Each structure stands twice: as structure tokens, then as C-alpha cells.
Amino acid sequence: MHFTVTTWNINSVRLRIDSVLRFLAEHRPDVLCLQETKCPDDAFPLKALRGSGYEHVMFAGQKGYNGVAILSRFPLHTRAVMGFCERQDARHISAVLGPEAGAAAGIVLHDFYVPAGGDVPDRDLNPKFAHKLDFLAELRAWGGKRVSGPAILVGDLNVAPLEHDVWSHKQLLDVVSHTPVETEALEILRGEAGWIDAARDLTPEPEKIYTWWSYRSRDWSAANKGRRLDHAWVSPDLAGTVRKVEVLREARSWERPSDHAPVTLTLEL
């Protein structure tokens, strides 16, 4: 059984609903995990998404920022939402695939949106950066205890951990998302819990992988100053099932695009 999970920071699901529907129609993943949906639960475009063939939807939202959602072709069970740093700011949602998912039944899906961290990489000068580091520390504490059985963790983790996950390792060492304190924190929490970085498992360095290109670049494609901020990890139980991780770069050129591209994980179960 081929099983596909896509992660995509959509940067407002209502503003970009046409892009979401286009992606679902053209690519038909089994599961789509969204981040930064930027809408409260009562405004989530549930009818439109269910109408596209994804009847099983779980979401956690806020007005104007954050927000995560899981859309599935198969029934979802056991919805759970975790809060971090004593905040309830819609940065995580998880669900379990039901028996109708066949070989994928029982897989736990985790969808995360890690804080971006602002512009100044200094805990004392920048409360947003302090929040990000605290979030990663709590995620490490959770991840080391809770990973058991088949699980997939995806999302905008807002860290490009490896040298070739950014366009210039040297120039971005002091830039939030690629500072040593962030990259080390992410790699430690992943390694301690045994999560496998599916993209890098299949495509080792030094090949570059990017999933995000800034809006600030006039010609983002020609400049190609990207970062790999969006990740797909699998638990050790699924280590041998990973077949593909694809970044749909072309979606960054769609009308009124997100600055993130969809990333699709394919498993053979």
C-alpha cells in the first residue's frame, strides 16, 4: 500500500483555499497536514474541504495567527491537542488513522507549527526567540517519552538544521532558523526520540533541499535563497517504509502563494 502524507504551511487557509483545493485535486495525498491556518474554528472552511473528497478533518485554530489542521481520506480518531510554554496557541494537533486506512491503520499523525522566533537570535533581547527555544525544549521532553508504535511527525518546525538545508550556511549562522542553538536543539530532540528525518534519509547532504523561499525576494526562483523549514519524520517502526519525499516547488509560483511549498512523504506499507 502506498500511503502519502503532505505537510504545508498554508499561511491562511481561507486566503489560499483555492490553492489547497487545487493541490488536493491534482495530487490527492491520503493526508494533508496544514499549519498557520490563521482562522478560528468557527471560520474554518470545512464544507469546501470536505467537498473535495476529504471528509475527515480535525483542526485547532485561532483568530489571525497559528492554527493547525489534518485532512484525511480515511477516518481519524483520538484527536489530541498539546499546549506548550503554558500557552494554548494552536501549534499542535494529532490523530490516529482508523481501521479503514488498511495497512496505515493505527499510525499516529502529529502536526506541529513551531514558533518562528522573530528576527534577533538572542534570548535576552527577543522574547519571541526565547519562546521558540522553550518550545523546542518542551518538545524534546515530550518526544523522548512519547514515541512508541508507528508514528509520523510533520510540520513547519521553523528550523533548517543542516548545513545544506540553507542557501548559505556561513551567511545564515546568525539568522534565526539556522543558528547553532536552534539546529542543535532540533537534532538532539529528534535523535533522542529516534525520529528519522525522512528527507535526509533518502537524500543525504551535500544535496540542497529547500521548502521555503522568502516573500522579500523579488525573483525568489532565480535567487533560490531557500531554507528547509518543513519536515517529515517517521518513528523507528516505519523506518523501512519510506520511499519518497517530494517538495512541490511549483506551488510557490501559484497565484497569491504561501512562502512554503507542500512536502509529501510516501510510505510503502
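Residues numbered from 1 in each chain as written. Predicted model: local features only at pLDDT ≥ 70, side-chain atom pairs only at ≥ 80, totals over all residues. Heavy atoms only, no water.

In the annotation of an unreviewed UniProt entry, the entry for the protein chain reads Exodeoxyribonuclease III, and the organism field reads Methylobacterium mesophilicum SR1.6/6. UniProt lists a comment for the protein chain under the heading Sequence similarities (unreviewed entry), and it reads "Belongs to the DNA repair enzymes AP/ExoA family." (UniProt positions renumbered as here; feature names shortened; annotations may be inferred.)

Enquirer: It is not clear to me how the layout of surface pockets should be interpreted in this structure. Could you clarify?
Expert: Estimates place the volume of the largest pocket at around 1,100 Å³. Lining the largest pocket are 35 residues, with Ala116, Gly118, Asp119, Asn158 and Trp212 sitting closest to its centre. Split by residue class, the lining of the largest pocket holds 11 nonpolar, 12 polar and 12 charged. (1 Å grid on protein atoms, 1.4 Å probe; cavity = no way out; pocket = protein on both sides within 12 Å on 5 of 7 lines; lining within 4 Å. Points joined across faces, edges and corners; volume = space filled by probe spheres on them. Nonpolar A, V, L, I, M, F, W, Y, C, P; charged D, E, K, R; others polar.)

Enquirer: Could you clarify how one ought to interpret the UniProt feature "binding site: Mg(2+)" (unreviewed entry) in the protein chain in this entry?
Expert: Mapped onto this numbering, the UniProt entry gives "binding site: Mg(2+)" (unreviewed entry) at Asn9, Glu36, Asp156, Asn158, Asp259 and His260. A maximum C-alpha distance of 12.5 Å places the annotated residues, which cover 252 residues in sequence, within one compact spot. From this annotated list, the subset lining the largest pocket comprises Asn9, Glu36, Asp156, Asn158, Asp259 and His260. Within the secondary structure, asparagine 9 is located in strand 1 (residues 2-9). Within the local environment of asparagine 9, its side chain forms a polar contact with the backbone nitrogen of asparagine 11, the two atoms lying 3.1 Å apart. Within the element layout of this structure, glutamate 36 appears in the loop between strand 2 (31-35) and helix 2 (46-51). In this structure glutamate 36 comes out as buried when scored by relative accessible area, which is 14%. Apart from residues no more than four positions distant in its own chain, glutamate 36 is found in contact with Asn9, Ile10, Asn11, Ser12, Asn66, Gly67 and Tyr113. (Helix = DSSP H or I, 4+ residues; strand = E, 2+ residues; numbered from the N terminus. Polar contact = N/O pair within 3.5 Å; in protein donor to acceptor, adjacent residues only side chain to side chain. Buried < 20%, exposed > 50% of the residue type's maximum accessible area, 1.4 Å probe, protein only. Contact = heavy atoms within 4.5 Å.)

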